[in-house]
Amino acid sequence: MTGQGSASSSSGPGGYDLVVVANRLPVDFSVDDDGAVDWQRSPGGLVSALEPVMQENEGAWVGWSGAPDLAHEPFEADGMMLVPVTLSASEIEKYYEGFSNDTLWPLYHDVIAPPAYHRQWWDSYRRVNQRFAEAAAAQAAQGGVVWVHDYQLQLVPKMLRDLRPDLRIGFFDHIPFPPVELFQQLPWRRNILEGLLGADLVGFQRGGDASNFVRAVRRLTDHPTRGSMISMEAADGTPSRRVRAAAFPISIDTMRFDELARSAEVQARAKEIRADLGDPDVVMLGVDRLDYTKGIRHRIKAYGEILQDGRIEAKNTTLVQVASPSRENVGAYQELREHVEVLVGRLNGEFGEIGHSAIHYLHHSYPPEEMAALYLAADVMLVTSLRDGMNLVAKEYIAARSDLDGVLVLSEFTGAADELAPGPLLVNPHDIDGMKDIIVAAAHLDPKEKRRRMRRLRRKVMADDVAKWSKTFLGVLTAMPSRDSHV
């Protein structure tokens, strides 16, 4: 394949048979005074999921740099052609922090926080989606495949189809898709549905999400549906193509994580972490973005009550909570951070001792090596999301535990619960008493039962890795009937 030298807004074909379109590029980059690009790989589940696919296919990735007003020509990094899309500071505020993260995110996560509906945010979202669509149209080869990702870019499939009807277009939604009773709150609900229906294949984490989408199409549009298929009409009203909605649960590069956790350095670091914590009998671990959907407050409340009840001794138990910074310009996240830090301080004040904290709160991001060591050091992994599309932390923990030790406590409201049951101990994080019982049971689980459960979990996670996920999605997408075939 040949690369293109410019991310122009031309709708003519470029040179890439596979183009990925996502809100962010897979690297953080800056430009010096001479115009040279300095970049480093950025963390994140989507990057981990797609980087191997892109390198294998020598594809192009269209996305935002992460900084305001940073414009640059496409450049190569890690075996991928990266095509920056420029966003102004105002667009970051309205399209990203506003409509994407203060309207769609809470709406799609069961309205845990109230969504805000502002017409200016919607206008910015529409304009930015058009810019992404034009950049993708300029890079894709004639008849190529374009794979659009996530809730920030739900209008891109239709915009791209209008520009390039020759393309095969897939869309994958990494977060939940809400029930129609919630989704129809959105003033621009039909625009979003029509945007997604520009794709040939719309993928979701869970079967329930795909069903929610099809029900929304049935309720809010005139397009006929049959099972998981939606029929689209030509201008004259005759059927022109079909759109399929289906579940494709995402995973991680399990072999890479397994090998990392088996390394002597990581295993030595895991022992060091336990020693630094004072060698407690039980180390519990939570790893999340600092987000109100992750159930961090519910988890800390349950843990504090267990200590208060004396069901676990504070001097022998430690909870390590890693909460990586997230969307720090959005008010709901600032409030969450303050609330969590107050809870942590109160717990440590009540149950901590000199040389021992009841809870270690770490507001940082960590490299994969340190995460693997933390997973190995943890007897109990607590994933208590109130709603989660998948939750890759749960899968990372399993991939790290080739020793078949450790217990995964997993929220029923994650996509991972659909896939991994009955291996984890499932919890309803809204039920604090029920969650306390499960956490105590996890801390005292019989070693044979631990091994049995972890063996089952690893069998599933090691077989269904991210390469299988992407290959399955792209295989279904390219096998879809021709766009001009009648239904």
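Residues numbered from 1 in each chain as written. Predicted model: local features only at pLDDT ≥ 70, side-chain atom pairs only at ≥ 80, totals over all residues. Heavy atoms only, no water.

## Concerning the overall build of the chain
A tally of regular secondary structure across the chain gives 17 helices and 18 strands. Computed over C-alpha atoms, the radius of gyration of the chain comes to 23 Å, within 12% of the 23 Å expected from 2.2 N^0.38 for 487 residues, which places it in the range of a compact globule. With the principal axes as the frame, the chain shows a C-alpha extent of 70 × 55 × 40 Å. Per-residue burial for the chain yields a buried fraction of 56% across its 487 residues. Restricting the contact set of the chain to residue pairs at least 6 apart, pairs at least 24 apart contribute 74%. (Helix = DSSP H or I, 4+ residues; strand = E, 2+ residues; numbered from the N terminus. Rg over C-alpha atoms; globule rule 2.2 N^0.38 Å. Buried < 20%, exposed > 50% of the residue type's maximum accessible area, 1.4 Å probe, protein only. Contact = heavy atoms within 4.5 Å.)

## Observations regarding the sheet that holds strand β17 (residues 407-411)
Within the open sheet, the six strands sit side by side as β15-β14-β13-β16-β17-β18. Their pairing is parallel. Where the open sheet ends on each side, the last strands, each with one partner, are β15 (359-362) and β18 (425-427). Along the sheet, successive strands turn relative to each other by an average axial angle of 20 degrees, direction set aside. Bridging between strand β16 (residues 380-383) and β17 involves four bridges; their strand directions are parallel. If you follow Val383 over to β17, its bridge partner there is Leu410. (Pairing = 2+ DSSP bridges. Axes fitted to C-alpha atoms, helices over the stretch in contact; angles between N-to-C directions.)

## A word on the pattern of salt bridges
Counted by the stated rule, this structure contains 34 salt bridges. The partner of Asp123 in a salt bridge is Arg126, with the nearest N and O atoms 3.1 Å apart. Taken as a pair, Asp123 and Arg126 lie in helix α3 (residues 119-139) at a separation of three residues, close to a single helical turn. For Asp123, a relative accessible area of 27% corresponds to the partly exposed category. The shortest N-O distance in the salt bridge between Lys436 and Glu305 comes to 3.0 Å. In this pair, Lys436 is assigned in helix α15 (residues 432-443) and Glu305 in helix α10 (residues 296-309), connecting sequence segments 131 residues apart. (Salt bridge = Lys/Arg side-chain N within 4 Å of Asp/Glu carboxyl O.)

## Some remarks on the packing of aromatic side chains
In the structure shown here, the tally under the stated rule is 21 aromatic pairs. Centre to centre, the rings of Tyr95 and Tyr125 are 6.0 Å apart; their planes meet at 35 degrees, and the pair counts as tilted. Linking Tyr95 in helix α2 (residues 89-108) with Tyr125 in helix α3, this pair joins segments that are 30 residues apart in sequence. Tyr95 gets classed as buried once you look at its relative accessible area, which sits at 0%. Residue class for Tyr125 comes out buried when judged on its relative accessible area of 0%. On the numbers, 5.1 Å between centres and 40 degrees between planes, the contact of Phe177 with Phe183 is tilted. Under the relative-accessibility criterion, Phe183 is labelled buried at 0%. Three or more aromatic residues joined by ring pairs make a cluster, and in this case those are Tyr95, Phe99, Trp122, Tyr125 and Trp188. Residue placement shows Arg24 over the ring face of Trp64; its charged tip is 5.5 Å from the ring centre. (Phe/Tyr/Trp six-rings, centres within 6.5 Å; stacked < 30°, edge-to-face > 60°. Lys NZ or Arg CZ within 6 Å of the ring centre and 35° of its normal.)

## Let's talk about the nonpolar core
Among the nonpolar cores identified, the biggest contains 101 residues, and Phe132, Phe213 and Met284 are the most heavily contacted of them. Counting residues per element, this core draws most heavily on α3, at nine residues. Look past the residues within four positions of Phe132 in its chain and what remains in contact with it is Val21, Ala22, Asn23, Val62, Gly63, Trp64, Val85, Tyr95, Leu153 and Val156. With 66 residues, the next largest nonpolar core counts Ala246, Ala377, Leu392 and Tyr397 among its residues. (Core = buried A, V, L, I, M, F, W, Y, C linked by side-chain atoms within 4.5 Å.)

## Considering the confidence of the model for the chain
Averaged over every residue, the pLDDT of the chain is 90; residues scoring 70 or more account for 93%. Overall, residues 1-11 carries pLDDT values under 50, and its contacts beyond four positions in sequence, including any with other chains, amount to 32 contacts. (pLDDT = per-residue confidence, 0-100.)

## Focus on helix α12 (residues 368-377)
Among the 10 residues that make up α12, eight are buried, leaving the element largely enclosed by the rest of the structure. Of all the positions in α12, only Glu370, Met371, Ala372, Ala373, Leu374, Tyr375, Leu376 and Ala377 are classed as buried. Considering only its buried residues, α12 is in contact with α8 (254-262), α9 (264-276), β13 (282-289), β14 (317-324), β16 and α13 (392-400).

## Let's talk about the environment of Lys294
Assignment of secondary structure puts Lys294 in the loop between β13 and α10. Separated by 94 residues in the primary sequence, Lys294 and Asp388 place their C-alpha atoms 7.4 Å from one another.

## Observations regarding a positive patch on the surface
Taken together, the side chains of Arg451, Arg455, Arg456 and Arg459 define a basic patch exposed on the protein surface. Here Arg456 shows up in helix α16 (residues 447-463). On the accessibility criterion, Arg456 (31% relative accessible area) is partly exposed. (Patch = residues over 30% accessible without salt bridge, like charges linked within 9 Å, V, L, I, M, F, W, Y side chains within 5 Å. Areas by Shrake-Rupley, 256 points an atom, 1.4 Å probe, with all protein chains shown as cover. Lys, Arg positive; Asp, Glu negative; His and termini not counted. Charge placed at Lys NZ, Arg CZ, Asp CG, Glu CD.)

## A few points about the packing of α8 against α12
Closest axis-to-axis distance for the α8/α12 pair is 9 Å, and the angle between their directions is 70 degrees. Between α8 and α12, the interaxial angle falls into the category roughly perpendicular. On α12, the residues touching Phe257, Leu260 and Ala261 of α8 are Pro368, Glu369, Ala372, Tyr375 and Leu376. (Parallel < 35°, antiparallel > 145°, perpendicular 65-115°, else oblique.)

## Some points on the side chain of Lys294
Its relative accessible area of 10% is what places Lys294 among the buried residues. The contacts of Lys294, once residues within four sequence positions are left out, are Asp288, Arg289, Arg299, Thr384, Ser385, Leu386, Asp388 and Asn391.

## Thoughts on the environment of Asp281
Among the secondary structure elements, Asp281 is positioned in the loop between α9 and β13. By relative accessible area, which is 54% here, Asp281 ends up exposed. Distance in space between the C-alpha atoms of Asp281 and Gly304 is 17 Å, their sequence separation being 23 residues.

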